[in-house]
Amino acid sequence: ESWAHYVGVSALMLVTFFLSNCLAWWLDIKRKQRISAKAQELSKASKLKTPVTIVTGFLGSGKTTLVNSVLSSETHGKRIVVIENEAGSISIDDKVLRAGEQEKAAVGIFVMKNGCMCCTGDGAGPELERVLNHLLNILQDDEYDYVLIETSGLADPAPIMQTFFSLSNASGRFFLDGVVAIIDCHNVWQHLDGRGWGAKTPEVYRQIAHATSILMNKTDRRNDQEENLKELEELLGELNPHAKVLRCQHCEVSLDHILDQRAFDAARVADMMVIERRLAGDEHPSAVMARHTPGIRAISVRSDRDDLIDLKQFLSWASALVEERWRDVYRMKGVLAVEGSRRLFVLQGVCGELKGQEGREWREEEEKVSELIVIGKNLNHDSIDRGFRQCLLSWRKQSEAEQSLIPP
């Protein structure tokens, strides 16, 4: 009898486990379908073009301080919609509310005297879906000209970035302008290398690696300040060599460093990479493995002068790389000298999404050099370098020469 009871309980547990997993699988499919449908609605052609900046950072880094500053400032002159994803974290002062419009606003929407709006993080569903819901609610509203999204402290910004990068490829209203990561200089080492009571926190690494600008906040709270700040700056540069790093206290920085970055604009990316290459001189960049990091590295590869790229082969290789390693490739960007074109080609990738387009013409004084930068986790420099070089004309000519030596 006891044996039969044991078998019955075990069978019930197995059935319960199976049904719960089936339910979770079904709910996940439905969630993805909802998100896909909402993203499709947002990608519809629009004459209005509104930039989106994502603000990310670990718990207590200062995101709320920055957002409150935006909502209460009378100087930036922008009508900004702030989408806030940590329920209850924003403290809305009645003094900065526009009373007349607030009475007409929907629940969870706060209208400020400076023309900005705040959409609170309350609501069901995962973070990405809540963001899309807010954007759909304001899609037809022409009373604002910028969107600022604050992620939750434990969030990986990649899903939101990927969605907006896809929308940028379409002709929809919203496009990704930049990603700001806020770092708590006082406590960040607990998450980066487990100093003190902490443990390494992968979310912090991903937030840094995805950023286009990094705010080193709370710089006034370090006892041995300058030495630690310089060490942190070096580490941030290793993790994300092309992000702009700013020191600050209480997130007090000019909004010019946060808004209108045009970080994913093809022309700006091309000019910045050409300038940085000129400043670097003839040194060929190589893979950099950041200290303390769990396998995160920035890999940079470069062609020789006038060694042009076979664009079709390169796009095939790059697409295969991000498709195979989409979880590990955080960012990819490159400026390419392409066979048969007088214009440089700008490639950008975010979390499995690739976008490439022709830029301006090469200038006479510029060296026609192709350069690719890949930021991600557990990447192999030799493998990426080999794949890149197999797309160069010199490699193709060498392969053809070797083939001609093989007797028929």
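Please refer to the structure placed before this passage.
What comes next concerns the included structure. Please read all numbers here as calculations on a predicted model, not as lab measurements.

A tally of helices and strands in the protein yields 12 helices and 14 strands. Within the protein, contacts between residues at least 6 apart in sequence are counted, and of these 75% link residues at least 24 apart. As displayed, the protein offers around 20,700 Å² of accessible surface, 52% of which is attributable to carbon and sulfur atoms.

So, on to the pattern of salt bridges. Evaluated as defined, the whole model comprises 16 salt bridges. Of the charged contacts, one joins E367 and R305 as a salt bridge, the two residues approaching to 3.8 Å between their closest N and O atoms. Here the residue E367 occupies a position in the loop between strand 13 (353–361) and strand 14 (371–377), and R305 occupies one in the loop between strand 10 (296–302) and helix 10 (311–324), the gap between them amounting to 62 residues. Its relative accessible area of 37% is what places E367 among the partly exposed residues. Exposure remark for R305: the relative accessible area of 55% places this residue in the exposed category.

On to the packing of aromatic side chains. Summed over all chains, the structure comprises 2 aromatic pairs. Relative to W317, the ring of F314 has its centre 5.7 Å away and its plane inclined at 55°; by these criteria the two rings are tilted. Of this pair, F314 and W317 are both found in helix 10, 3 residues apart, which corresponds to roughly one turn of the helix.

Attention now goes to the pairing of strand 14. Judged by how many residues are buried, strand 14 sits mostly within the fold: 6 of 7 residues are covered. Pairing of strand 10 with strand 14, which is carried by 7 bridges, proceeds in the antiparallel orientation. Note on strand 14: the bridge partner recorded for A298 is I375. Two strands pair when backbone bridges link them, and strand 11 (residues 329–337) and strand 14 are joined in this way by 6 bridges, in the antiparallel orientation.

With 15 residues, helix 8 (residues 225–239) should reach 21 Å at 1.5 Å per residue; the first-to-last C-alpha distance of 21 Å fits that figure. Turning to helix 8, its buried residues are N228, L229, L232, L235, L236, E238 and L239.

Once that is clear, we can look at the side chain of R206. With respect to the helices and strands, the residue R206 is situated in helix 7 (residues 202–210). Judged by relative accessible area, R206 falls into the buried class, the value being 19%. When residues no more than four places from it in sequence are discounted, the contact partners of R206 are D156 and Y330.

This next bit is on the packing of helix 1 (residues 2–42) against helix 4 (residues 127–138). Contact pair helix 1 / helix 4: the axes reach a minimum separation of 10 Å and the direction vectors enclose 35°. The two elements helix 1 and helix 4 meet at a crossing, and its hand is left-handed. Counting all contacts with helix 1, which are made through R31, R34, I35, K38, A39, E41 and L42, the residues of helix 4 involved are L128, E129, L132, N133, L135 and L136.

Inspection of the secondary structure puts S300 in strand 10. The exposure class of S300 is buried, given its relative accessible area of 9%. Among the polar contacts made by the side chain of S300, one reaches the side chain of E371 at a distance of 3.2 Å.

Our next topic: the nonpolar core. The biggest cluster of nonpolar side chains holds 36 residues, and the ones touching the most others in it are V188, L192, I208, I214 and L232. Sort the elements by how many residues they give to this core and helix 8 lands first, with 5 residues. Excluding its chain neighbours within four sequence positions, the residues that come into contact with I214 are A181, I183, I208, L236, A243, K244, V245 and L246.

This next bit is on the pairing of strand 6 (residues 174–184). Across the 11 residues that make up strand 6, a large majority, 10, are buried. Sheet analysis places strand 1 (residues 50–57) next to strand 6, joined by 8 bridges and oriented parallel. The residue of strand 6 that forms the bridge with T53 is G178. Bridging between strand 6 and strand 7 (residues 213–217) involves 5 bridges; their strand directions are parallel. Across the sheet, the residue bridging to A181 is I214, located in strand 7.

Conventions used here
- Residues numbered from 1 in each chain as written.
- Predicted model: local features only at pLDDT ≥ 70, side-chain atom pairs only at ≥ 80, totals over all residues.
- Heavy atoms only, no water.
- Helix = DSSP H or I, 4+ residues; strand = E, 2+ residues; numbered from the N terminus.
- Contact = heavy atoms within 4.5 Å.
- Areas by Shrake-Rupley, 256 points an atom, 1.4 Å probe, with all protein chains shown as cover.
- Salt bridge = Lys/Arg side-chain N within 4 Å of Asp/Glu carboxyl O.
- Buried < 20%, exposed > 50% of the residue type's maximum accessible area, 1.4 Å probe, protein only.
- Phe/Tyr/Trp six-rings, centres within 6.5 Å; stacked < 30°, edge-to-face > 60°.
- Pairing = 2+ DSSP bridges.
- Expected span 1.5 Å × (residues − 1).
- Axes fitted to C-alpha atoms, helices over the stretch in contact; angles between N-to-C directions.
- Left-handed = near helix turned anticlockwise from the far one by under 90°.
- Polar contact = N/O pair within 3.5 Å; in protein donor to acceptor, adjacent residues only side chain to side chain.
- Core = buried A, V, L, I, M, F, W, Y, C linked by side-chain atoms within 4.5 Å.

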